[in-house]
Structure formats: structure tokens, C-alpha cells
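# Fold and geometry: a report
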Amino acid sequence: MFSSLLQNAPSSDPVAILNGAPGVLDPALVLLGAMALDAAIGDPRWLWRLLPHPVVWAGALIGWFDRKLNREDRSAVNRTVRGAVAVAITVGLAAGLGWAAHYLLARLPFGMGWEALIVAVLLAGRGLFDHVGRVAKGLKADGLEGGREALRHIVGRDVKSLDSHGVARSAIESLAENFADGLVAPAFWYVLLGLPGLLAYKAINTCDSMIGYRTKRHKAFGLVAARLDDAANFLPARLAGILVCLAALFAPRGDPARAVRTMRADAGKHASPNAGWPEAAMAGALDLALGGPRRYPGGVTEGAWIGTGRARLGPRDIAAARRLYLIACAIGWALAAGVALAGWVG
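Residues numbered from 1 in each chain as written. Predicted model: local features only at pLDDT ≥ 70, side-chain atom pairs only at ≥ 80, totals over all residues. Heavy atoms only, no water.

A few words now on helix α11 (residues 276-286). Since the α-helix advances by 3.6 residues per turn, residues separated by three or four positions end up pointing in the same direction. Across the eleven residues that make up α11, a large majority, ten, are buried. Those residues of α11 not exposed but buried are Gly 276, Pro 278, Glu 279, Ala 280, Ala 281, Met 282, Ala 283, Gly 284, Ala 285 and Leu 286. In the stretch just after α11, Asp 287 is the one whose phi turns positive, near 55°. (Buried < 20%, exposed > 50% of the residue type's maximum accessible area, 1.4 Å probe, protein only. Helix = DSSP H or I, 4+ residues; strand = E, 2+ residues; numbered from the N terminus.)

This is the structure we're talking about:
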């Protein structure tokens, strides 16, 4: 693990860790605390009214590069190279900031607690759960318009074209896809490469969300951002799908065998090389049909259907998906605990 390069004491010493000894920051143990904090406090909106979120900084930087370097009169090759440079600088600065923060925190008493707080801020577990829950509440309380308004905050597609079933499907799809890149992937890269890896991943993900589109303006300039994001999410997305399949063992409506079958059969149908894995697992686990044609501001995308179950979904299906999500999160927490325990024993 990257953080072990900066330690003055062995990370496997539980007494030193719990006493907050300087130089001891075990990534798996920090992750356990961060996931607990995220589950307890969620997204502290009051804080972001006072300070910009770290992702906002990365977005502002890549947006500046987009305005300055991405000119339509330049060739595709030129724009691709400039986009690659922009992404490299943004990701490099994020990783460097993570390294500096870890270097300082690893030398402070109780630095593990402060690092856990930073990691918790960069996880989206509770926030995702709450946002998707608001879609179900909106549909129940205010009908279609209430559901559309709540959904508008978590998806990039044109919600005005969706009926109530489409709103429910979109909410569940967002829950599945963001489970991978909002929770599993950040946790994966943190355990693997520490705070530099986590901040680098968040920067990559932000670059992709800003410029990683196949539009005329960004097809060349955002090419490296899109490919790098695909690579960074390759293993986490598949791990997320496996976690959803495992969660189906314990969910009231879950069918783990069907989840595995659907994931194997339909994950590749998604336009993204990664998003289809958790989405197909969730569709199979709950016997749903997700995906299908989607309308974005730029037009209609003819997406394939994922899963062979019901497509006419509603608030009850969103509730079932949220229960499955919570169980998958709990299994992920247990997995992190196992990694921490293995480090102590080893």
C-alpha cells in the first residue's frame, strides 16, 4: 500500500493505531471509519456552503483547460494531445495534494481520524442513498412532477420525457451505477494507493464527467479522460456487481442466481464498459428491466434493455433497490474489515 511508504511505525500494530500514534495510518482501518462517518452524516451540505467541495476544485480546473485549450479550429490530434495534458495536470495535482495531506496527517497524533474524515467526504454512499430516496418520496407525494424534480439532481438525461416508470427506472439505474463509481471505486483506490490514489481517482472521474463525451466539442479533447475513467473503473465496477449479487442472498426479494446470470448475459449491452455490471446485477437480483432508450439534451440514445423482468416500476421497486444497496454496502464494509484484520494478523 502507498501509505506504508510514509509510515514511521508498522501499520499492523493495532495498539499504536488506536492510540493515534504518529506515523501509523492503516488504509483499511481508515476506510472503515470513513464509511461509518459517511453513513452517519452523509453529504454535509452546510459545509459546502462555506467551502467548495474538492471535486468542485477539480471541475473548475478542467473547465478552465477546456476553455483555454479546446478550440474548434485545431485538429483532432492536437485537441487529443491537449486534452491529455489537461487531464495529466489535473490528476497529477490531485495525487500530489493527496500525498502532501497524507504525509502531514501520518505525522500527527490522531491523524487517522482526520484522514477518515477526508475519505468520508469523498465517498458518496449515504448521499446517493438519500438522493434516490427523494425520488421515491417525490413520486409518492407529488406524482410524476415530484419524481422528475428529485431525479433531475442525480442524472444528466432529459427528465421531462420520462413517465413515472421511467423515473423509477432511472433512479434505480443511478443507484446501481453510482454504487460503483461513487463508493466502491473510491474505496478500492484508497485501500490500494492511499489518499493519493483516492484523490487521483476523483479527479479522473470529474474529468470524465466534464469532458468525456462523444460530442463534436469533446470527442477528441475528452478522449483520454474517458479512456482513463474506463480503466480506473474496470475492476471496481465488476467488484460492485459481485457485491450486489452477494447482497441478493440476504435481500427479501433478491435472487442471487438470477443476478449472476443477468450480469453475465447483459452487462456488455450497456453503452459503458463498466456501468452495466452493477446495473445488470441489480436488475437480475430484483427481476427488473432497466436501461432501454434514453433521452439526453443532445437527443435520444437507443440503449439496450438490461434484465428480463418488469419495466413498469414504481416507488416500491426503488425501496427494494435501496434495501439491496444497503446490504451491498454492509458486505463491502465487512470486506474492508477483513482486509484490516488480515493486516493486523499479518
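From this point on, the discussion continues.
In the contact formed by helix α4 (residues 54-69) and helix α5 (residues 76-105), the axes pass within 10 Å of each other and the chain directions differ by 160°. Considering their axes alone, α4 and α5 lie roughly antiparallel with respect to each other. The handedness of the crossing between α4 and α5 comes out as right-handed. Contact residues: α4 offers Ala 58, Leu 61, Ile 62, Phe 65 and Leu 69, while α5 offers Arg 82, Ala 86, Val 87, Ile 89, Thr 90 and Leu 93. Along the lines of polarity and charge, the residues of the contact of α4 with α5 split into nine nonpolar, one polar and one charged. (Axes fitted to C-alpha atoms, helices over the stretch in contact; angles between N-to-C directions. Parallel < 35°, antiparallel > 145°, perpendicular 65-115°, else oblique. Left-handed = near helix turned anticlockwise from the far one by under 90°. Contact = heavy atoms within 4.5 Å. Nonpolar A, V, L, I, M, F, W, Y, C, P; charged D, E, K, R; others polar.)

So, about the packing of helix α9 (residues 223-247) against helix α10 (residues 256-266). Running from N to C, α9 and α10 cross one another at 155°; their axes reach a closest spacing of 8 Å. Between α9 and α10, the interaxial angle falls into the category roughly antiparallel. Where α9 crosses over α10, the two elements pack in a sense that is right-handed. Mapping the contact onto sequence places Gly 241, Ile 242 and Cys 245 in α9 and Pro 256, Ala 259, Val 260 and Met 263 in α10. By residue class, the composition of the contact of α9 with α10 is six nonpolar, one polar and no charged.

Glancing now at the nonpolar core. If you look at the biggest cluster of nonpolar residues, it comprises 90 residues, and the most contacted ones within it are Leu 31, Val 119, Leu 151, Phe 179, Met 282, Ile 318 and Leu 324. No other element matches helix α8 (residues 164-211), which puts 24 residues into this core. Residues within four places of Leu 151 in sequence aside, it is in contact with Val 135, Val 159, Leu 162, Val 167, Ser 170 and Ala 171. (Core = buried A, V, L, I, M, F, W, Y, C linked by side-chain atoms within 4.5 Å.)

Scored by pLDDT, the chain has a mean of 88; 87% of the residues are at 70 or more. Across residues 1-24, confidence stays below pLDDT 50; counting only partners more than four residues off in sequence or on other chains, it has 48 contacts. (pLDDT = per-residue confidence, 0-100.)

Our next topic: unusual backbone geometry. One non-glycine residue, Phe 110, lies in the positive phi region at around 60°. At Asp 287, a position not held by glycine, the phi torsion is positive, near 55°. With respect to the secondary-structure elements, Asp 287 resides in the loop between α11 and β1 (290-291).

Turning to the packing of aromatic side chains, a few remarks are in order. What characterises a pair of aromatic rings is the spacing of the ring centres plus the angle enclosed by the ring planes. In this structure the tally under the stated criterion is five aromatic pairs. Where Phe 188 meets Trp 189, the ring centres are 5.1 Å apart and the plane angle is 90°; that geometry is what we call edge-to-face. Through a chain of ring-to-ring contacts, the aromatic side chains of Phe 129, Phe 179 and Tyr 325 assemble into a single cluster. If you follow Arg 107 out to its NZ or CZ, it ends over the ring of Tyr 103, 4.1 Å from the centre. Taking the ring centre of Phe 234 as reference, the NZ or CZ of Arg 238 above it sits at 3.7 Å. (Phe/Tyr/Trp six-rings, centres within 6.5 Å; stacked < 30°, edge-to-face > 60°. Lys NZ or Arg CZ within 6 Å of the ring centre and 35° of its normal.)

Moving on: the side chain of Asn 205. Assignment of secondary structure puts Asn 205 in helix α8. Judged by relative accessible area, which is 18%, Asn 205 ranks as buried. A polar atom in the side chain of Asn 205 sits 3.1 Å from the side chain of Asp 229. Look past the residues within four positions of Asn 205 in its chain and what remains in contact with it is Asp 181, Asp 229 and Asn 233. (Polar contact = N/O pair within 3.5 Å; in protein donor to acceptor, adjacent residues only side chain to side chain.)

On the surface, Val 77, Val 81, Val 85, Ile 89 and Leu 93 cluster together into a nonpolar patch covering about 440 Å² of accessible area. With respect to the secondary-structure elements, Leu 93 resides in helix α5. (Patch = residues over 30% accessible without salt bridge, like charges linked within 9 Å, V, L, I, M, F, W, Y side chains within 5 Å. Areas by Shrake-Rupley, 256 points an atom, 1.4 Å probe, with all protein chains shown as cover. Salt bridge = Lys/Arg side-chain N within 4 Å of Asp/Glu carboxyl O.)

Here the focus is the pattern of salt bridges. According to the stated counting rule, one finds ten salt bridges in the structure shown. When the shortest N-O distance is used, the salt bridge between Lys 269 and Asp 266 registers 3.0 Å. Residue classification places Asp 266 among the buried positions, given a relative accessible area of 7%. Between Asp 317 and Arg 310 there is a salt bridge; the shortest N-O distance is 2.5 Å. For Asp 317, a relative accessible area of 7% translates into the label buried. Using a relative accessible area of 38% as the deciding quantity, one classes Arg 310 as partly exposed.

Okay, helix α2 (residues 27-41) next. In this model, α2 (15 residues) spans 21 Å end to end at C-alpha, consistent with the 21 Å of a helix rising 1.5 Å per residue. The set of residues buried in α2 consists of Pro 27, Ala 28, Leu 29, Val 30, Leu 31, Leu 32, Ala 34, Met 35 and Asp 38. For α2, the capping residue at the N-terminal end is Asp 26, with a side-chain oxygen 3.3 Å from the backbone nitrogen of Ala 28. Gly 42 sits one or two residues past α2 and shows a positive phi near 65°. (Expected span 1.5 Å × (residues − 1).)

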